[in-house]
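# Breakdown of the fold
Each chain is listed here by its residues.
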Amino acid sequence: MDFSLWPSAARTWQEILDGAEYAERTGWYGVWMADHFMVNNGDLSLPMNECLALLGGLAVRTERVRLGSMVLGNTYRHPAVVANAAATLDQMSGGRFVLGIGAGWQVNEHEVYGIDLPPVKELLARFEEACQVFTGLLTQERTTFDGKYYQLTGAPLEPKPAKLPLLIGASGEKVALGIVAKYADEWNHWGLPDVAEHKGKVFREHCEKIGRDPSTVRRSTQAMIEIVAAGDTEAEERRDRLTAAGRPTIMGSADYVLDIVSRYPAAGIDEFLVPDGLLGQGSRRFDALEQLREEVFNKL
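Source: prediction; values computed, not measured. (Residues numbered from 1 in each chain as written. Predicted model: local features only at pLDDT ≥ 70, side-chain atom pairs only at ≥ 80, totals over all residues. Heavy atoms only, no water.)

## A closer look at the pairing of strand β5 (residues 97-102)
Taken across its six residues, β5 has six buried, putting it largely inside the fold. A two-sided burial pattern is seen for β5, the buried positions comprising Phe97, Leu99 and Ile101 on one face and Val98, Gly100 and Gly102 on the other. Across two bridges, the pairing between strand β3 (residues 66-69) and β5 is parallel. Across the sheet, residue leucine 67 finds its bridge partner in β5, namely phenylalanine 97. As paired strands, strand β4 (residues 72-73) and β5 are joined by two bridges and run parallel to one another. Each residue of the ladder has a partner; that of leucine 72, found in β5, is isoleucine 101. Tracing the backbone out of β4, into helix α3 (residues 79-92) and back to the parallel element β5 gives a crossover that is right-handed. (Buried < 20%, exposed > 50% of the residue type's maximum accessible area, 1.4 Å probe, protein only. Helix = DSSP H or I, 4+ residues; strand = E, 2+ residues; numbered from the N terminus. Pairing = 2+ DSSP bridges. Right-handed = clockwise from strand over helix to strand, strands pointing away.)

Next comes the structure, spelled out in structure tokens:
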């Protein structure tokens, strides 16, 4: 299983760059950036950097790690605009970019910016059409598409990437995983190993319906993860708050973290992402990441 870093977009550009350069220097597989414009709850004056701009900067400041969006909300940008940006990022990164997309969900972003957030049924229908637009523009010389929500007429996209993986972030079992089965090269969802195992079973059923080999889709997941020293009451309180909020959380001794993480490959996971938003600032963040790398990841 590969391990990748997910720096918080709420960090400064320099902190994000420092994280990416650390990941590249110490052998991490990839670096992922979220696509949000504000925090989901709380103080809207808190900073949040834009995903595509960050990835453009990282593309020219790194050389080895894969770079990807985790994930671009489909409601924020027309898929043809996103496809063109993705092809350019692929050039800038020397073929290291992964286009991660999702249907969109964060209510407050849509409310304050006046962006339409349709009901779930329409949201997913729009997203499936967007996947068809991405596939066409990234692989065909010209794309004509006459959908309910998107229309393209002889649309070009040049230069095309040699191979740009399409990652879909989704967990909805009735419809969303069916879209993953049809269009995705990679699939991401949050969850602990038991969730990953269950989602994988449902996904395989969707693949069987359309005759696709599920092993052709690379799978990734993430959870809030940290090695916690015995008696660290602050960390224990943070873990309890995350758990109460329903966030997948792996926090405890190194042996405990190693035991949980070691179960992911059997559940079908190929890549584990480490969100760093709660790991602190400065050297504390890097100490926590190094502890994970040395005491957990390097032992798997």
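Now that the structure has been shown, the text picks up again.
## Considering the nonpolar core
As a rule of thumb, nonpolar side chains are buried together in soluble globular proteins. Among the nonpolar cores identified, the biggest contains 82 residues, and Trp28, Leu99, Ile101, Phe134, Ile168, Ile250 and Val274 are the most heavily contacted of them. For isoleucine 101, the residues in contact, after removing those within four places along its chain, are Val71, Leu72, Phe127, Cys131, Phe134, Leu166, Leu167, Ile168 and Gly169. Formed by eight residues, the second largest nonpolar core is a distinct cluster that contains Trp6, Ala34, Met70 and Val71. (Core = buried A, V, L, I, M, F, W, Y, C linked by side-chain atoms within 4.5 Å. Contact = heavy atoms within 4.5 Å.)

## Some details on the pairing of strand β10 (residues 218-222)
The side chains of a regular strand alternate, residue by residue, between the two faces of the sheet. Burial analysis of β10 places five of its five residues in the buried class, which makes it a mostly covered element. The alternating pattern of β10 places Arg218, Ser220 and Gln222 and Arg219 and Thr221 on opposite faces, both of which are buried. Pairing analysis gives five bridges linking strand β9 (residues 186-190) to β10, with the strands arranged parallel. Paired with tryptophan 190 across the bridge in β10 is glutamine 222. Crossover β9 to β10 through helix α7 (residues 193-210) is right-handed.

## Describing the environment of arginine 284
One can find arginine 284 in helix α10 (residues 282-295). Those residues in contact with arginine 284 that lie beyond four places of it in its chain are Glu226, Arg238, Leu278 and Leu279.

## Examining helix α2 (residues 51-61)
With respect to burial, α2 is a largely interior element, eight of its eleven residues being buried. Buried residues of α2: Cys51, Leu52, Leu54, Leu55, Gly56, Gly57, Leu58 and Ala59, and no others. Here the buried face of α2 lies against α1 (13-25), β2 (30-33), β3, β4, α3 and β5. Put simply, glutamate 50 is the residue that caps the front of α2, since its side-chain oxygen is 3.0 Å from the backbone nitrogen of leucine 52. (Polar contact = N/O pair within 3.5 Å; in protein donor to acceptor, adjacent residues only side chain to side chain.)

## Digging into the packing of α1 against α2
In contact at an axis separation of 11 Å, α1 and α2 are set at 45 degrees when each is read in the N-to-C sense. Comparing their axes, α2 and α1 come out oblique. Crossing angle aside, the handedness with which α1 passes α2 is right-handed. Facing α1, whose interface residues are Trp13, Ile16, Leu17, Ala20 and Glu21, α2 presents Leu54, Gly57, Leu58 and Arg61. Classifying every residue of the contact of α1 with α2 by side-chain character gives six nonpolar, one polar and two charged. (Axes fitted to C-alpha atoms, helices over the stretch in contact; angles between N-to-C directions. Parallel < 35°, antiparallel > 145°, perpendicular 65-115°, else oblique. Left-handed = near helix turned anticlockwise from the far one by under 90°. Nonpolar A, V, L, I, M, F, W, Y, C, P; charged D, E, K, R; others polar.)

## A few points about a nonpolar patch on the surface
Nonpolar side chains collect at one region of the surface, where Leu44, Val112 and Tyr113 lie side by side and expose about 300 Å² of accessible area between them. Of note, leucine 44 is situated in the loop between β2 and α2. Since its relative accessible area comes to 44%, leucine 44 is described here as partly exposed. (Patch = residues over 30% accessible without salt bridge, like charges linked within 9 Å, V, L, I, M, F, W, Y side chains within 5 Å. Areas by Shrake-Rupley, 256 points an atom, 1.4 Å probe, with all protein chains shown as cover. Salt bridge = Lys/Arg side-chain N within 4 Å of Asp/Glu carboxyl O.)

## Some remarks on the layout of surface pockets
Taking a probe equal in size to a water molecule and rolling it over the atoms shows the remaining empty space. Considered as a void within the structure, the second largest pocket measures approximately 160 Å³ in volume. In terms of lining residues, the second largest pocket is bounded by Phe134, Thr135, Leu138, Thr139, Pro161, Ala162, Lys163, Leu164, Leu166, Tyr183 and Asp185. Top element by residues in the lining of the second largest pocket is helix α5 (residues 120-139). It accounts for four residues. The residue inventory of the lining of the second largest pocket, partitioned by class, reads seven nonpolar, two polar and two charged. (1 Å grid on protein atoms, 1.4 Å probe; cavity = no way out; pocket = protein on both sides within 12 Å on 5 of 7 lines; lining within 4 Å. Points joined across faces, edges and corners; volume = space filled by probe spheres on them.)

## Structural notes on the pattern of salt bridges
This model, assessed by the stated rule, comprises 20 salt bridges. Of the charged contacts, one joins arginine 126 and glutamate 122 as a salt bridge, the two residues approaching to 2.9 Å between their closest N and O atoms. Placement of both arginine 126 and glutamate 122 in helix α5 is noted, with a separation of four residues, approximately one turn of the helix. You can call arginine 126 partly exposed: its relative accessible area is 24%. Here glutamate 205 ties to lysine 201 by a salt bridge, and the two come within 3.0 Å at their closest N and O atoms.

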